[in-house]
Amino acid sequence: MRLKNVIFGILGISTGLVLGWIVLVSGPKDQSKKDFGQIPQIGKQISSLDLYDINGRRFTIQNLRGKAAIINFWATWCPPCREEMPLLQEISEKYSDRIQIFAINNGESKELVIDYVRKNGINFPVLIDEKSVIANKFRIYNLPASYFVDPQGILRSIRVGALTKTNINEYLQTIGILE
């Protein structure tokens, strides 16, 4: 009886492994390119951005042209994200004629984000990526993550982790805001 249970257990596991392998092998061949488009690369044009802000205004890649930009991926539950928001607000105010900040909330509801933005006095565009579509295009695996784009729409640098008063100047130099 015991040997019979072991044999059936091994057969069950083997069947599961074979079926899993078949599903894996027969799936779409290039899922990443098909679903998510071009991965942003340093030195190349940002090719994909299409979201709505908390007020319902649409933002596309055209909103990046003419000014340098910081595209910041964040979430309200992320302590380093919350810590860097005042710095992003300061940069937005100090260099408003030369830089645009787009804070893309990753995976949270519009209502939650609106509440956070209002309580914290954020006045730069906060975009909603409730289903993480843009985060997937940008291959965001850790938060916060910031993409620094020059006035021609070229990605110049990427920072994964919190921006601080100590490291922000280095990134602002890559997009021509500081010399």
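Heads up: the structure comes first, above all this text.
Note that the structure is predicted; figures quoted are calculated from it, not measured.

Basis of the calculations
- Residues numbered from 1 in each chain as written.
- Predicted model: local features only at pLDDT ≥ 70, side-chain atom pairs only at ≥ 80, totals over all residues.
- Heavy atoms only, no water.
- Helix = DSSP H or I, 4+ residues; strand = E, 2+ residues; numbered from the N terminus.
- Polar contact = N/O pair within 3.5 Å; in protein donor to acceptor, adjacent residues only side chain to side chain.
- Patch = residues over 30% accessible without salt bridge, like charges linked within 9 Å, V, L, I, M, F, W, Y side chains within 5 Å.
- Areas by Shrake-Rupley, 256 points an atom, 1.4 Å probe, with all protein chains shown as cover.
- Salt bridge = Lys/Arg side-chain N within 4 Å of Asp/Glu carboxyl O.
- Core = buried A, V, L, I, M, F, W, Y, C linked by side-chain atoms within 4.5 Å.
- Buried < 20%, exposed > 50% of the residue type's maximum accessible area, 1.4 Å probe, protein only.
- Contact = heavy atoms within 4.5 Å.

Here we come to the side chain of N106. Topologically, N106 is positioned in strand β4 (residues 99-106). A distance of 2.6 Å separates polar atoms of two side chains, one belonging to N106 and the other to S132.

Together, I42, I158 and V160 make up a nonpolar patch on the protein surface, roughly 260 Å² of accessible area in all. Among the secondary structure elements, I42 is positioned in the loop between α2 (31-36) and β1 (50-53).

Okay, the nonpolar core next. Ranked by internal contacts, the top residues of the largest apolar core, which has 51 residues, are F73, I91, I99, V126 and L172. Going through the elements one at a time, β3 (68-74), α3 (79-94), β4, α4 (110-120), β5 (126-129), α5 (133-137), β6 (145-149) and α6 (168-174) are the ones with two or more residues in this core. Broken down by element, the residue count for this core peaks at 6 residues, all from β3. When near neighbours in sequence (up to four residues on either side) are disregarded, I99 contacts K67, A68, A69, I70, I91, L172, I175 and I177.

Topologically, I54 is positioned in the loop between β1 and β2 (58-60). A relative accessible area of 12% places I54 in the buried class. Distance from I54 to N105, taken between C-alpha atoms, is 10.0 Å for residues 51 residues apart in sequence. Excluding residues within four positions of it along the chain, I54 makes contact with K110, V113, I114, V117, V126 and I128.

On to unusual backbone geometry. In this chain, L143 is followed by P144 through a cis amide linkage whose omega measures -10°. Take P144: it is sitting in the loop between α5 and β6. Of note, the phi angle at S132 is positive, near 60°, even though the residue is not glycine. As for its position among the elements, S132 is in the loop between β5 and α5. One non-glycine residue, R139, adopts positive backbone phi at about 55°. Among the structural elements, R139 can be located in the loop between α5 and β6.

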